[in-house]
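Below are the chains, spelled out letter by letter.
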Amino acid sequence: MSNVAPDRRDDPYVALQNSRDFAEHRSRFRKFVFPMTGFFLAWYFLYVLLSVFAKSFMGTRVVGNITWGLVLGLLQFVTTFAITMYYARWADREFDSRSEALARRMGGAL
């Protein structure tokens, strides 16, 4: 083992990371994921805040013994699955093929 650090200019991974294609790929990913994450966190914290500060609303019955708290809690699960399905479709359409092209450029395959 050598104590000499490798020359970063010769590192193919650094070269790929600095490429325009990779920067565009990363940008597309972030433009999708960050807003979606922000939306879900806002929705989740709204539910938590309502359960803490609007107990009477959350305890209001909608139908029979079903309250708004239960409805909104179940919608958290629905939202999670919907976002997951939306991401999977988006990745399949727009993201995976570009990832595979970058992997081929590095000499590997996904």
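## A few points about the packing of aromatic side chains
The full count for this structure, using the stated rule, is 8 aromatic pairs. Ring plane angle 35 degrees and centroid distance 5.3 Å describe the contact between Phe-29 and Phe-95, whose orientation is recorded as tilted. One end of the pair, Phe-29, is in helix 2 (residues 20-53); the other, Phe-95, is in helix 4 (residues 68-105), with 66 residues separating them in the sequence. On the basis of an interplanar angle of 15 degrees and a centroid distance of 5.8 Å, the ring pair of Phe-57 and Trp-68 is categorised as stacked. Of this pair, Phe-57 sits in helix 3 (residues 55-58) while Trp-68 sits in helix 4, and the two are 11 residues apart along the sequence.

## What to know about helix 4
A rise of 1.5 Å per residue sets the reference length of helix 4, with its 38 residues, at 56 Å; its end C-alpha atoms lie 52 Å apart and thus fit the reference within 8%. Considering bend angle alone, the principal kink of helix 4 is centred on Ala-91 and spans about 50 degrees. Burial in helix 4 covers these residues: Gly-69, Leu-72, Gly-73, Gln-76, Thr-79, Ile-83, Trp-90, Ala-91, Phe-95, Ser-99, Leu-102 and Ala-103. Residues of helix 4 that are buried in the fold lie against helix 1 (12-17), helix 2, helix 3 and strand 2 (66-67). Taken from the residues just after helix 4, Gly-107 is the one with a positive phi, measuring 95 degrees.

## Notes on helix 2
For helix 2, built from 34 residues, the straight-helix expectation of 50 Å at 1.5 Å per residue is met to within 8% by its first-to-last C-alpha distance of 48 Å. Among the residues of helix 2, those classed as buried are His-25, Phe-32, Val-33, Met-36 and Trp-43. Here the buried face of helix 2 lies against helix 4.

## What to know about the side chain of Thr-79
The residue Thr-79 is located in helix 4 in this model. Sequence-distant contacts of Thr-79, that is, excluding residues within four places in its chain, are made with Phe-39, Phe-40 and Trp-43.

## Quick word on the nonpolar core
In globular proteins that are soluble, nonpolar side chains generally tend to be buried together. Judged by nonpolar contacts, Phe-32, Val-33, Met-36, Ile-83, Trp-90, Ala-91 and Phe-95 together constitute the single largest core of 7 residues. For this core, the secondary structure elements donating two or more residues are helix 2 and helix 4.

## Examining the pattern of salt bridges
Counted according to the given criterion, the structure contains 3 salt bridges. For Glu-24, the salt bridge is made with Arg-28, and the minimal N-O distance between the two is 3.3 Å. With Glu-24 and Arg-28 both in helix 2, this residue pair falls 4 residues apart, about one helical turn. Given the relative accessible area of 38%, Glu-24 is considered partly exposed.

About the criteria used
Residues numbered from 1 in each chain as written. Predicted model: local features only at pLDDT ≥ 70, side-chain atom pairs only at ≥ 80, totals over all residues. Heavy atoms only, no water. Phe/Tyr/Trp six-rings, centres within 6.5 Å; stacked < 30°, edge-to-face > 60°. Helix = DSSP H or I, 4+ residues; strand = E, 2+ residues; numbered from the N terminus. Expected span 1.5 Å × (residues − 1). Bend = angle between axes of the 7 residues up to and from the residue. Buried < 20%, exposed > 50% of the residue type's maximum accessible area, 1.4 Å probe, protein only. Contact = heavy atoms within 4.5 Å. Core = buried A, V, L, I, M, F, W, Y, C linked by side-chain atoms within 4.5 Å. Salt bridge = Lys/Arg side-chain N within 4 Å of Asp/Glu carboxyl O.

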